[in-house]
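# A look at the structure
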Amino acid sequence: MSLLPTLIQATTESGAFAMNDALWAVLLLAIAAVLLLLEFLLVSFGLLAIAAFGCAVTGIVLGFGSSPVVGWSLLAATPLLAVVVITWGLRRLMRSGLVPKEEVTEDAGYRHASNLLGVTIGSRGTLVSDAMPTGRARFPAGDLDVLVEGPTVGPGTVVTVRRIEGATVIVTCETGGSPG
């Protein structure tokens, strides 16, 4: 059932006043669609979406005041129009340069640096900076930040990895020997 014949029928049955209500109802639904489109283009923190919802509800109420057929037509068209506008808006956002395209995965961050360097429990390295209690140690595959359990130590001290807790590599000092 088309909306235009319904509008014409409402005009002939109820006079010009019903046509005005029906036109206002359709106009309010169009304004609601434009406001919803603007929600994806402007930062309004949801205010434009709330205004669009208000216009759509007011348009439907005016449509039912004009004619039940107009009201039901607008009630059926509103969610369809909203789905079209929201789908377009979300697609536009996905193409926008303002939306980050990368995602944070479980491999992100510093937590896996010890795995990438092959540093495991028992690995040995040499401090390249003071450790008060944190410092930097050189392992065969590269340098890594470490936490030294025990007294403050200086560069050149041989350390052994005792445990790895998340991103923290905890080491202890050795009395002698060369890094392995």
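Preceding this paragraph is the structure being described.
So, here is what we can say about the structure in this document. (Residues numbered from 1 in each chain as written. Predicted model: local features only at pLDDT ≥ 70, side-chain atom pairs only at ≥ 80, totals over all residues. Heavy atoms only, no water.)

### What to know about the packing of helix α3 (residues 47–66) against helix α4 (residues 68–95)
Describing two packed helices takes the angle between their axes plus the distance from one axis to the other. Contact geometry of α3 with α4 gives a least axis separation of 5 Å together with a crossing angle of 155 degrees. Between α3 and α4, the angle is such that the two are roughly antiparallel. The chirality of how α3 crosses α4 is left-handed. Where α3 approaches α4, its residues A56, G59, I60, G63, F64 and S66 are matched on the opposing element by P68, V70, G71, W72, L74, L75 and T78. Its residues assigned to classes, the contact of α3 with α4 shows 8 nonpolar, 5 polar and no charged. (Axes fitted to C-alpha atoms, helices over the stretch in contact; angles between N-to-C directions. Helix = DSSP H or I, 4+ residues; strand = E, 2+ residues; numbered from the N terminus. Parallel < 35°, antiparallel > 145°, perpendicular 65-115°, else oblique. Left-handed = near helix turned anticlockwise from the far one by under 90°. Contact = heavy atoms within 4.5 Å. Nonpolar A, V, L, I, M, F, W, Y, C, P; charged D, E, K, R; others polar.)

### Side note on the packing of aromatic side chains
Inspection of the entire model under this criterion finds 1 aromatic pair. For the ring pair F64 and W72, a centre distance of 5.2 Å and an interplane angle of 85 degrees mean the geometry is edge-to-face. What makes F64 partly exposed here is its relative accessible area of 33%. (Phe/Tyr/Trp six-rings, centres within 6.5 Å; stacked < 30°, edge-to-face > 60°. Buried < 20%, exposed > 50% of the residue type's maximum accessible area, 1.4 Å probe, protein only.)

### A look at the layout of surface pockets
Where empty space is left can be seen by rolling a probe of water-molecule size over the atoms. Its boundaries defined by the atoms lining it, the largest pocket holds a volume of some 190 Å³. Surrounding the largest pocket, 14 residues form its lining, A52, F53, A56, T78 and A82 being those nearest its centre. Of all elements in the fold, only α2 (16–41), α3 and α4 reach the threshold of two or more residues within the lining of the largest pocket. Per-element tally for the lining of the largest pocket: the top contributor is α3, with 6 residues. (1 Å grid on protein atoms, 1.4 Å probe; cavity = no way out; pocket = protein on both sides within 12 Å on 5 of 7 lines; lining within 4 Å. Points joined across faces, edges and corners; volume = space filled by probe spheres on them.)

### Describing α4
If you check α4, its first and last C-alpha atoms are 41 Å apart, about what 28 residues at 1.5 Å a residue would give, namely 40 Å. At A77, α4 is bent by approximately 25 degrees, the largest bend along its length, and proline P79 sits one to four residues beyond. Considered for burial, the residues of α4 that qualify are V70, G71, L74, T78, V85 and G89. (Expected span 1.5 Å × (residues − 1). Bend = angle between axes of the 7 residues up to and from the residue.)

### Let's talk about the pairing of strand β3 (residues 142–149)
In the sheet, strand β2 (residues 134–139) pairs with β3 via 6 bridges, with the strands oriented antiparallel. Residue A137 lies in a different strand from β3, and its bridge partner there is L144. Turn length for the β2-β3 hairpin, with the two strands adjacent in sequence and antiparallel, is 2 residues. With 3 bridges joining them, β3 and strand β5 (residues 168–173) adopt parallel strand pairing. (Pairing = 2+ DSSP bridges.)

### Looking at the environment of L127
Tracing the sequence through the fold places L127 in strand β1 (residues 124–127). Residues L127 and V159 lie 32 residues apart in sequence; the distance between their C-alpha atoms is 7.1 Å. The residues touching L127, leaving out its near neighbours within four places in the chain, are R136, A137, V146, V148, V153, G154, P155, G156, T157 and V159.

### Points about the nonpolar core
Judged by nonpolar contacts, the single largest core of 16 residues is most densely connected at A32, L35, A52, C55 and L74. The set of elements that each furnish at least two residues to this core consists of α2, α3 and α4. Once residues lying within four places of it in the same chain are set aside, the contact partners of A52 are A32, L35 and L36. Core analysis: the second largest hydrophobic core is formed by 14 residues, A113, L127, L144 and V169 among them. (Core = buried A, V, L, I, M, F, W, Y, C linked by side-chain atoms within 4.5 Å.)

As far as function goes, none of this settles anything; it's purely spatial.
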